[in-house]
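Coordinate analysis (summary)
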Amino acid sequence: MKTKIRNILTLFVTLLMFAFSQAQSISGTVSDENGPLPGASIIVKGTSNGTATDFDGKYTLNNISADAIIVVSFIGYVTQEINVAGRAIVDINLVQDANVLNEIVVTGYTAQNTRNITGSVAVIDSEVLAETTPSSLEQALQGQVSGVTVGSEGGPGGKAAVRIRGFGTVNGNDPLYVIDGVQTGQGLNEINPNDIASIQVLKDAAAASIYGIGAANGVIIITTKSGKRNQKAKFTYDGLIGNDFVPNSAFPEMATPQQLADAYWKALANDGSALSHPQYGTGTTPVLPEFINDGGGNPYSFPDNRITRANQAGTNWFDEFFNSAIVQQHNIGIQGGSETSKFFVSLGLLDQEGVAVNTSYDRYSIRANSEFDITDNFRIGETLSFSYSELIGVNDPLGSNSNQNNESQIASLYRMHPIIPVYDEGGNFAGTAGISGVGNGYNPVAVADRNKNNVNKVLRTLGSVYAEVDLFEDLKFRTTFTADLNTSNFGFFQPIDYENSTARTVNQLRETTATGINTNWYNILQYTKTFNEVHNVDAFVGTEFKKNTYKNYYAQITNFLFTEPDATYLSAGTGSQTVGGNQNKSTSFSTFGKVDYDYSGKYLFSATIRRDQSSLFEGGNQVGVFPAFSAGWRLSDDFFAGSVDVNNLLLKVSWGQVGNNSIPAGNAITSYGSNLAYNDYAGQTGYYLTNIGDPNLTWETTTTTNFGISGSFFDNSITLDLDIYKAETEDMLLAVPVDPSIYGNTVSSLYKNVGQMTNKGFDLGISYNNNVSEDFSYSIGANISHYKNNVDYLVSGDESIVVPNPNLGAQTGFETTNTVAGYPISSFVGYNYDATTRSVDTSGDARNVIGNPHPDFTYGINFNADYKNLDFSLFFQGSQGNEIYNLTKFWTDFSGFEGGKSLDYVNETRHDLTLSAADATGSSYYIEDGSYIRLKNISLGYTLNDAVTSKLGLDKIRIFLQGKNLITITDYSGLDPEINLSNYTNQQQANLEIGVDRGAYPISRSLNLGLNITF
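By the naming in an unreviewed UniProt entry, the chain goes by TonB-linked outer membrane protein, SusC/RagA family and is assigned to Flaviramulus basaltis. Quoted verbatim from the Subcellular location (unreviewed entry) field of UniProt, the annotation for the chain is "Cell outer membrane". Its UniProt record, at the heading Sequence similarities (unreviewed entry), says of the chain: "Belongs to the TonB-dependent receptor family."

Quick word on the overall build of the chain
Within the chain, the regular secondary structure consists of 13 helices and 58 strands. Expressed along its principal axes, the backbone C-alpha trace of the chain runs to roughly 145 × 65 × 60 Å. For the chain, restricting intrachain contacts to residue pairs at least 6 apart in sequence, the fraction spanning at least 24 positions comes to 69%. Accessible surface, the chain: about 44,100 Å² in total, of which carbon and sulfur atoms supply 55%.

Details of the sheet that holds strand β57 (residues 996-997)
The three strands lie next to each other as β54-β53-β57, forming an open sheet whose pairing is mixed. The two strands at the open ends of the sheet, each matched to only one other strand, are β54 (927-929) and β57. Of the strand pairs in this sheet, strand β53 (residues 883-886) and β54 are connected by three bridges, and their pairing is antiparallel. Within the sheet, the bridge partner assigned to Y885 lies in β54 and is I927.

Describing the pairing of strand β56 (residues 956-970)
Of the strand pairs in this sheet, strand β55 (residues 932-943) and β56 are connected by 11 bridges, and their pairing is antiparallel. Among the inter-strand pairings, Y942 is bridged to a residue of β56, identified as I959. Across nine bridges, β56 lies against strand β58 (residues 1005-1014) in antiparallel orientation. Note that in β58 the partner of I957 across the bridge is I1013.

Here's the deal with a nonpolar patch on the surface
On the surface, I332, I334, V345, L347, I366, L384 and F386 cluster together into a nonpolar patch covering about 510 Å² of accessible area. Elements that contribute at least two residues to the nonpolar patch include exactly β23 (325-338), β24 (341-353) and β26 (378-392). By the secondary structure assignment, I366 is in strand β25 (residues 360-375).

A short note on the packing of aromatic side chains
Throughout the structure, instances matching the rule amount to 39 aromatic pairs. A ring pair is formed by F857 and Y859, whose centres lie 5.9 Å apart and whose planes are at 45 degrees; its orientation type is tilted. Its relative accessible area of 28% is what places F857 among the partly exposed residues. Members of the aromatic cluster, connected to one another through ring pairs, are F814, F828, Y833, Y885, F890, W891, F894, F897, Y925 and Y926. Sitting above the plane of the Y554 ring, R510 keeps its charged end 4.1 Å from the centroid. For K889, the ring lying beneath its charged end belongs to Y925, and the centroid distance is 5.4 Å.

Quick look at the pairing of β24
For β23 and β24, the ladder comprises 12 bridges, and the chain directions are antiparallel. Directly across from N331, in β24, lies its bridge partner G348. Counting the residues between successive antiparallel strands, the hairpin from β23 to β24 contains two residues. Linking β24 back to β25 in an antiparallel pair, the connection comprises six residues, with N358 at a positive phi of about 60 degrees.

Focus: unusual backbone geometry
Backbone torsion omega between F302 and P303 reads 5 degrees, so that peptide bond is classified as cis. Turning to its location among the elements, P303 is positioned in the loop between β21 (291-293) and β22 (308-309). The phi dihedral of D731 is positive, around 55 degrees, even though this residue is not glycine. Positioned with a positive phi, S826 is a non-glycine residue whose angle comes to about 60 degrees. Along the polypeptide, S826 turns up in the loop between β46 (817-820) and β47 (827-829).

Description of the domain arrangement of the chain
Segmenting the chain into domains produces domain 1 (4-93) and domain 2 (104-241). Tallying the contact residues gives five residues for domain 1 and four residues for domain 2. Both faces considered, domain 1 and domain 2 share a buried interface measuring about 420 Å² in area, 60% of it formed by carbon and sulfur atoms. By the criterion of area lost to domain 2, the three top residues of domain 1 are P38, F55 and D56, representing 74% of everything that side buries.

Considering helix α5 (residues 257-271)
The terminal C-alpha atoms of α5 lie 21 Å apart, and with 15 residues this matches the ideal 21 Å at 1.5 Å per residue to within 8%. Taken residue by residue, α5 has P257, L260, A261, A263, Y264, W265, A267 and L268 as its buried positions. G272 sits one or two positions beyond α5 and adopts a positive phi of about 75 degrees.

Focus on the side chain of D32
For D32, the location among the structural elements is in strand β1 (residues 24-32). The side chain of D32 sits in the buried core without any salt bridge; K228 is the nearest counter-charge, 6.7 Å away. When residues no more than four places from it in sequence are discounted, the contact partners of D32 are L37, Y77, N93 and L94.

Here's the deal with the nonpolar core
Across soluble globular proteins, nonpolar side chains show a tendency to be buried alongside one another. By size, the foremost hydrophobic cluster in this structure holds 43 residues, and its most contacted members are F321, F322 and I420. Those elements giving two or more residues to this core turn out to be α5, α6 (317-321), α7 (409-415), α8 (444-450) and α12 (903-906). The biggest single contributor to this core is α5, with seven residues. Non-local contacts of F321, meaning those with residues more than four positions away in its chain, are made with V355, A356, V357, Q409, I410, L413, P444, V445 and A448. Core analysis: the second largest hydrophobic core is formed by 23 residues, L129, A140, Y177 and L462 among them.

Some words on the sheet that holds strand β16 (residues 196-202)
Pairing is mixed in the open sheet, where five strands are placed in the order β11-β16-β17-β14-β15. The sheet is open, and its two borders are formed by β11 (121-125) and β15 (182-184), each paired with just one other strand. Shown here is a sheet whose adjacent strand axes are inclined to one another by a mean of 20 degrees, direction ignored. In this structure, β11 lies alongside β16, joined through five bridges in antiparallel fashion. Bridge pairing in β16 places V121 opposite L202.

So, the environment of F960
Following the sequence through the fold, F960 ends up in strand β56. C-alpha of F960 to C-alpha of F872: the two residues are 88 residues apart in sequence and 9.3 Å apart in space.

Describing the pattern of salt bridges
Tallying each qualifying case throughout the model produces 36 salt bridges. Residues K45 and E81 are paired through a salt bridge, measuring 3.0 Å at the closest nitrogen-oxygen approach. Separated by 36 residues along the polypeptide, K45 in the loop between β3 (41-44) and β4 (50-52) and E81 in strand β7 (residues 80-83) bring together distant segments of the chain. Within the structure, one salt-bridge network assembled from shared partners comprises R379, E468, D470, K476 and R478.

Conventions adopted
Positions within a chain are numbered from 1, following the residues in the order the chain's sequence is written. Local features in this predicted model are restricted to residues of pLDDT 70 or higher, and side-chain atom pairs are both shown and tallied only at a pLDDT of 80 or more, whereas totals for entire chains, interfaces and linings draw on every residue. Note that water and hydrogens are dropped before the side-chain values are worked out from all heavy atoms of the structure. UniProt positions are given in the numbering used here, feature names are shortened, and annotations may be inferred rather than shown by experiment. Helix and strand definitions here come from DSSP, where helices need a minimum of 4 consecutive H or I residues and strands a minimum of 2 consecutive E residues; each element is numbered from the N-terminal end. Contact definition: two residues touch when any of their heavy atoms are within 4.5 Å. Each accessible area is a Shrake-Rupley estimate made with a 1.4 Å probe; only the visible protein chains count as cover when residues are assessed. Here the rule is simple: two strands pair whenever DSSP picks up at least two bridges between them. Here, patches come from residues exposed beyond 30% relative accessible area and free of salt bridges, joined within 9 Å for like charges and within 5 Å for nonpolar side chains (Val, Leu, Ile, Met, Phe, Trp, Tyr). The term salt bridge refers to a pairing of a side-chain nitrogen on Lys or Arg with a carboxyl oxygen on Asp or Glu at a separation within 4 Å. Put simply, two rings from Phe, Tyr or Trp (the six-membered ring, in Trp's case) pair if the centres are within 6.5 Å, and we call them stacked under 30 degrees between planes, edge-to-face over 60, tilted for the rest. Accessibility here uses a 1.4 Å probe with only protein chains present; expressed as a share of the type maximum, an area under 20% marks a residue as buried, one over 50% as exposed, and anything in between as partly exposed. Geometrically, a lysine NZ or arginine CZ counts as sitting over a ring once it is within 6 Å of the ring centre and also within 35 degrees of the ring normal. Throughout, the edges of the domains are those of an automatic or database domain assignment. Once two parts are joined, some of their accessible surface, as seen by a 1.4 Å probe, is lost; buried area is that loss totalled over both. To estimate how far a helix should reach, multiply one less than its number of residues by 1.5 Å. Counting rule applied: Lys, Arg positive; Asp, Glu negative; His and chain ends not counted. Definition used in this section: a nonpolar core is a set of buried Ala, Val, Leu, Ile, Met, Phe, Trp, Tyr and Cys residues joined via side-chain atoms within 4.5 Å. Note on method: axes are straight lines fitted to C-alpha atoms, helices fitted across the in-contact stretch only, with angles between N-to-C directions ranging 0 to 180 degrees.

Next comes the structure, spelled out in structure tokens:
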């Protein structure tokens, strides 16, 4: 009996132990290569028993069998099935899925899977942006995406011109920027690039047409960072400090005073003139004076009797004007979330001294993004950014001394005679006043010194608020309100410049304030459904209402007794007063819809239609309807299913139309204004014509056809994207000159729909990634873009019509570019220079096309490598085949004005010395090859070991060294080959002069030391 009881107890204990062994608890941590993953899903396969990881990536599962299989998943990672095998602790390391990661991107009011995009779309993620540590958003784009070219103005806070697939129209060519749903245009310096999570570039009409107004030149969608749900707060710091500089090797080789004197003597001899000069005396050889202004033998007295000693060795004006400068960036970010919310907050500082004396740019920014679940099917959220910036540049609102102008500070570096020192004998600025034979250039150091307190202040706010509700399982509604608020103030004081031969006779102050308010309210109803597991439909309809207002005013007064900054305000002036200003308003209302369909991800189709109504046009012409279609065929599913060599191969085609209403407000109507200067009726103000309206003015339309192929091969190690396109723009909106004998002299042009322009080209991007081992991986990528622009006609049947260049510039007085049928926009024009006769043939037409500012192709090359804790990156960017009209040679290579001259001039490299300035007229002499390749970025980083960072209570510490623009290979003789627009603000004229160097602020080189911290 005892034996039976013993056996029963033994069986019971065995069964009990077996039961416990079959029903157990497990715990562990889910991580990736960067650390724990909060919010990952863990579920027992075949059951509903599951959980999610907490803030630290940890989880616990109860009541599971010892041989259970758990399924671990997280968005963007390969799902894993793991056998528990009786273990109590199961840690899981998830691997990023190359086919899924970063698949979902915003492409037009809603998100879309990149694998299923049939339009032409490029994506840049935050890692690529972080490598170059850009100070502006536009810098982040340069060379990174095929089909996108970026022209930079140069200087701290300088503007940029972004062009997607070249130039599509005569007027505004800026793309539309969409920042977290906020639609905006040019002027993105106030946006902190460190806040950006990804950038999507919509290049063809099929992708961009959903945005309608403003999208004719492409769309750039910026998505800023956000937190993650179920993530504990994470703190990041990204900072750098560095040195910007322009090397002496970039400065042009200029002649010394003695070389100038000898050349002048030879020119006199060649012309058969007497050997005489106010500074060099008379006789068979020129003699440099000890003083260029001796004060007439009287004691020094400022400003009436100044004494200036000659700099016989020569003043290097470039070296005096350009100095090394400190730049620093500091960015702090905090992000996190709970089960029902997520947030991201950042603070940013950019402190950038300019390499040009007394120039600088400071920007302070703050951002807050958040989203909250009110219920399981109702969410609200917001994105909000504030920035404040202060810019001291080279712009002069009272004159023409701005960047890329013949009278600018940079142009004066070429124009100033080297015999003039920076300072006179009394320590005041020296110059051309009262001195013969030295020209009429401005002392650029003096101009910059007087400009050092003239600050352009900008306060910018961009924000959106939204609410989203899931009406049913497959239907949701989202309403969003956005605002872009921009206020600027520019106080500009000009003292009397006593040292200049054309000195002002009175000091003056101008205060300018401008305010822009752009609001947008749009609503989206979206339906997403999968039928029979193979038919996937994603469709939405929407409405949008935009309102744009802009107002500026200025007040100007002269004659200030004291010139210190604290004493120069409007009421302190006692002289003549001037006030002025303007304002404009525009509105638009749009309805739109889009349908995306795919059959099992294999056959794809998309259709878009948008109806825009704009107040910039009149009557029935206000409305435009613009359709777009695209289709794709995933060849890899039909011909390479299961292949490890061809992972994805998508053939795509698209066609679409987009409308452009880029004209100033009020130009469709005839209007009048009042001004005593024009109409004075016995002291009563009359009216005068201010604008000639065309009631038939209507939409400019761009039609784009695109053929493309996208693929990934050999276990996704190689990716390829190729697009071939053609874009035709009809009914271009153009300011056409009018006959003053008919319309009077108060209106010079009226807007009309004229002409057609065609762009053809291709975009190619290719990359290769190789994970050689756990310790070593590398990647290399390249992109190349080509476009060919042609103005088909301006007025049908009349090829003689020319759109002239409005930028003649003081003193040169000849056109550098024209836009004419049969040639690219802004082609170089002039006479031909004959190298054989060493002279300019002026018997031809001054409007003959002699050059092309557009490149044959542009390109970018990226290389990245990681070895253990080291990371290394290289980025090259270049342009090939474009030409530059080097107008600085007007001053340095001819005798029209005395002053600084090049070595080519004194050595008679290209023409014989003469005092005649006949050959200085516009000609192919000024045309140079503008091709270049530039090392835009090189960086070496080291991430400290976990053992070190954990002791410090940190997750990550990375230190890096970085160089920007350190190497440039080019044959261009000017300061910098990155010459693009002469005017970055007036969109109606900006594209009428491209590639002309009138004295552009150069792109600086940089050496930086940086630090990244995460905890």
